[in-house]
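Fold and contact review
Below are the chains, spelled out letter by letter.
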Amino acid sequence: MKVFNSIQDFKSNSRTIVTLGTFDGVHIGHKKILEQLVETAKKTNCESLVLTFFPHPRMVLQNDSNIKLLNTISEKAKLLENLGLDNLIIHPFDENFANLSARAFVKSILVDCFQIKKIIIGHDHRFGKNRAANIDDLIVFGKLYDFNVEQISSQEINEISVSSTKIRNALFDGNIKLANKFLGNNYIISGKVVKGKQLGRTIGFPTANINVQEYYKLIPKAGVYAIKSMWKNKIIFGMMNIGFNPTVAGKSQTIEVYFFDFNEDIYDQNITISFIDRLRDEQKFDSVELLKKQLQLDEVKAMAIIMGR
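Residues numbered from 1 in each chain as written. Predicted model: local features only at pLDDT ≥ 70, side-chain atom pairs only at ≥ 80, totals over all residues. Heavy atoms only, no water.

Quick notes on the sheet that holds strand S10 (residues 234-243)
Inclusion rule: Any two strands between which DSSP finds at least two bridges are classified as paired. A run of H or I in DSSP counts as a helix once it spans at least four residues, and a run of E counts as a strand once it spans at least two, with each numbered from the N terminus. Axis definition: a line fitted to C-alpha atoms, limited for helices to the stretch in contact. Angles are taken between N-to-C directions and run from 0 to 180 degrees. In what follows, residue pairs with any heavy atoms lying within 4.5 Å of each other are defined as contacts.
Taking strand neighbours around the barrel as the criterion, the six strands line up as S7-S8-S11-S10-S9-S12 in a closed arrangement whose pairing is antiparallel. Averaged over all pairs of adjacent strands, the angle between strand axes in this sheet comes to 45 degrees, irrespective of strand direction. This element, helix H10 (residues 288-307), spans strand S9 (223-231), S10, strand S11 (254-259) and strand S12 (270-280) of the sheet and lies at about 100 degrees to S12.

Okay, structure coming up:
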């Protein structure tokens, strides 16, 4: 897959099958569209192309800097690459782009730049300045500029309406199983392993502190989770605590992972954590010894969940 950082950077001699959107989470509804995109491109000897944006349009149009996203840019690119996509354009979204009229967007970008043969979009897609144009307008433009429009209905995407917002809400509630179901894969976070207070070592549970650098990345509800990761092409399992460590008077939120049967130095390494299930809320214990006993119970529960998958 070729990745371009703007529309202007894109170059190809082939006609394209296009879809566009934020695709936050690349969830099962998105995958319905993207799989159709890739299949159509192969059948028509064209290149598949996804146009997506960063920052998220809501950050620009609604000045919503508090929105939390399901994917970082690198995570989204990897998920899209796994679907067999030919081209990904991550275009900077700003007010100038938002003010493009629907006709200018279609003519100058879809037709002149992408050499579009077909566009495949969801049932509720809107585009152009003030999101004024819809599927009917796109069909008219298609007839004018000689490209086809394929609409994927909400029924085709899923019998229930899957949305990135529903997945965000599930994660804020700690409902990992529901979020994973909607995503079609486990929710992930990625970050660098940094040194913490190293208190876990003193009670037999040495943890890796994960620093997620992207401020916009959604961190699920505080609590303890069963997780997995990859290290040197080997799957490793463990449990993770998201929270403030109230038993030891923690003052800021941390993300700490304890890997089972693992004794490697991974400081300063970037790792990706995959959420399997939620074990419990974060709790304050009356002593460190009681915390240790609870962690032992958590490990047993996490292993049971992992072995029963």
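Quick word on the packing of aromatic side chains
Our working rule: Two aromatic rings from Phe, Tyr or Trp, using only the six-membered ring of Trp, form a pair when their centres are within 6.5 Å; if the ring planes differ by under 30 degrees the pair is stacked, by over 60 it is edge-to-face, and anything between is tilted. For the exposure calls, accessible area comes from a 1.4 Å probe over protein chains only, and a residue counts as buried if that area is under 20% of its type's maximum, exposed if over 50%, partly exposed in between. Here, over-ring charges are defined by two tests on the NZ atom of lysine or the CZ atom of arginine: distance to the ring centre within 6 Å, and angle to the ring normal within 35 degrees.
With the rule as written, the count across this model stands at 15 aromatic pairs. Ring centres 6.1 Å apart and planes at 85 degrees place the aromatic pair Phe97 and Phe105 in the edge-to-face group. The exposure classification of Phe97 matches that of Phe105, with both residues buried. An aromatic cluster is present here, built from Phe53, Phe93, Phe97, Phe105 and Phe127 joined pairwise through their rings. Stacked on the ring of Tyr267, the Lys or Arg Lys195 has its end atom at 5.2 Å from the ring centre.

Some thoughts on the side chain of Asn209
Within the secondary structure layout, Asn209 lies in strand S8 (residues 208-211). Residue contacts for Asn209: discarding those within four places in its chain leaves Lys192, Val193, Val194, Gly196, Thr254, Ile255 and Glu256.

A short note on the pattern of salt bridges
Stated formally: For this document, the term salt bridge refers to a Lys or Arg side-chain nitrogen within 4 Å of an Asp or Glu carboxyl oxygen.
A full pass over the atoms with the stated rule returns seven salt bridges. With a closest N to O distance of 2.8 Å, Lys217 and Glu75 form a salt bridge. Placement of the pair is Lys217 in the loop between S8 and S9 and Glu75 in helix H3 (residues 73-81), with a sequence separation of 142 residues. For Lys118, the salt bridge goes to Glu150, with nearest N and O atoms at 3.1 Å. Taken together, the positions of Lys118 in strand S5 (residues 116-122) and Glu150 in strand S6 (residues 148-152) put the pair 32 residues apart, joining distant regions of the chain.

Describing the packing of helix H8 (residues 164-172) against helix H9 (residues 176-183)
Spelled out, the test is: Note on angle classes: values under 35 degrees are labelled roughly parallel, values over 145 roughly antiparallel, values of 65 to 115 roughly perpendicular, and the remainder oblique. Crossing handedness is read from the near helix: turned anticlockwise from the far helix by less than a right angle, it gives a left-handed crossing, and turned clockwise, a right-handed one.
At a minimum axis separation of 8 Å, H8 and H9 run at an interaxial angle of 155 degrees. Considering the angle they form, H8 stands roughly antiparallel to H9. In terms of crossing hand, the pair formed by H8 and H9 is left-handed. Contacts between H8 and H9 involve Lys166, Ile167, Ala170 and Leu171 from the former and Ile176, Leu178, Ala179, Phe182 and Leu183 from the latter.

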